[in-house]
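# Observations on the three-dimensional arrangement
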Amino acid sequence: MDTVSKELMWIEIINGPNLARLGLREPAIYGRETMEDCLERLHTAYDERLRLTYFQSHHEGSLIERLYELQDQHVSGIVLNAGAYTHTSLALADALRATELPAIEVHLSQVYQREPIRQSSLIAPACRGVITGLGMDVYRLGIEALIPLLSPRA
Ligand code: DQA
């Protein structure tokens, strides 16, 4: 049964640039928990219910390529923290639209309390929803937001 249910839903968490060393990077803003610890918690919570994978890249093109790979592999949905590309990458927004992947945009920091440039997102219009400012819990909340939106893979 476990294998069957894992086939039903596949969510990938994607982190963009400068999100490889969470825990060390500006901890006053992004907290002290590492992504590895966060993923361990998420696997413990969700492994029985869905397939959960993780991808991180500092490169815009690699993030875009990953979206097309995931589309080809029929991922169910993604939780995306595009980092600074959120505010600058029309190309990433276009790829989200092109792949039509259900996506939740997440940010650890409360971007609406930060510099004006961080308060605009080019990718949000291509996402189903946005979760911001709740620290590492945004990844879990992103998964919780996606689950009801996803239909089982064909
Ligand atoms: C971030 C917010 C972005 O503005 C910033 O460039 C990041 C992290 C966040 O998770 O709060 O790299 O996406």
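Figured I'd write up the structure that's included with this text. (Residues numbered from 1 in each chain as written. Predicted model: local features only at pLDDT ≥ 70, side-chain atom pairs only at ≥ 80, totals over all residues. Heavy atoms only, no water.)

### Some thoughts on the site of the ligand
Where we set the bar: For this purpose, a residue is taken to be near a molecule or strand whenever a single non-hydrogen atom of the residue falls within 4 Å of it. We define a polar contact as two N or O atoms separated by no more than 3.5 Å, with the added condition that, inside protein, one atom must be a possible hydrogen donor and the other a possible acceptor, whereas residues neighbouring each other in sequence contribute only through side-chain atom pairs. Only the protein chains shown count as cover for residues, and the accessible areas themselves come from Shrake-Rupley with a 1.4 Å probe. Just so you know the grouping, Ala, Val, Leu, Ile, Met, Phe, Trp, Tyr, Cys and Pro go in nonpolar, Asp, Glu, Lys and Arg go in charged, and all remaining residues, Gly too, go in polar.
Taken together, the neighbourhood of the ligand is formed by Arg25, Tyr30, Asn81, Gly83, Ala84, His87, His107, Leu108, Ser109, Val111, Arg114 and Arg118. Backbone polar atom of alanine 84 to an oxygen atom of the ligand: 3.2 Å apart, as the coordinates give it. In the model, an oxygen atom of the ligand is placed 2.7 Å from a nitrogen or oxygen of the histidine 87 side chain. In the complex, the protein chains occlude 99% of the 320 Å² of accessible area that the ligand would expose alone. A class-by-class count of the residues in the shell around the ligand yields 4 nonpolar, 5 polar and 3 charged.

### Quick notes on the pattern of salt bridges
Stated precisely, the cut-off is as follows: A carboxyl oxygen of Asp or Glu within 4 Å of a side-chain nitrogen of Lys or Arg is what we treat as a salt bridge. Starting at the N terminus, helices and strands are each numbered in turn, a helix being any DSSP run of H or I of at least four residues and a strand any DSSP run of E of at least two.
Applying the stated criterion to the full structure yields 8 salt bridges. A salt bridge links arginine 66 to glutamate 69; the nearest nitrogen and oxygen atoms lie 2.6 Å apart. Taken as a pair, arginine 66 and glutamate 69 lie in helix 4 (residues 60-72) at a separation of 3 residues, close to a single helical turn. For arginine 114, the salt bridge goes to glutamate 115, with nearest N and O atoms at 3.8 Å. Through salt bridges with shared partners, one network takes in Glu12, Arg66 and Glu69.

### A word on the packing of aromatic side chains
As a reminder of what qualifies: Classification of ring pairs uses Phe, Tyr and Trp, with its six-membered ring standing for Trp, and accepts pairs whose centres are within 6.5 Å; under 30 degrees between planes counts as stacked, over 60 as edge-to-face, and the remaining range as tilted. Only when the NZ atom of a Lys or the CZ atom of an Arg is both within 6 Å of the ring centre and within 35 degrees of the ring normal do we say a charge sits over the ring.
Within the structure shown, the criterion is met by 0 aromatic pairs. Residue placement shows arginine 51 over the ring face of tryptophan 10; its charged tip is 4.0 Å from the ring centre.

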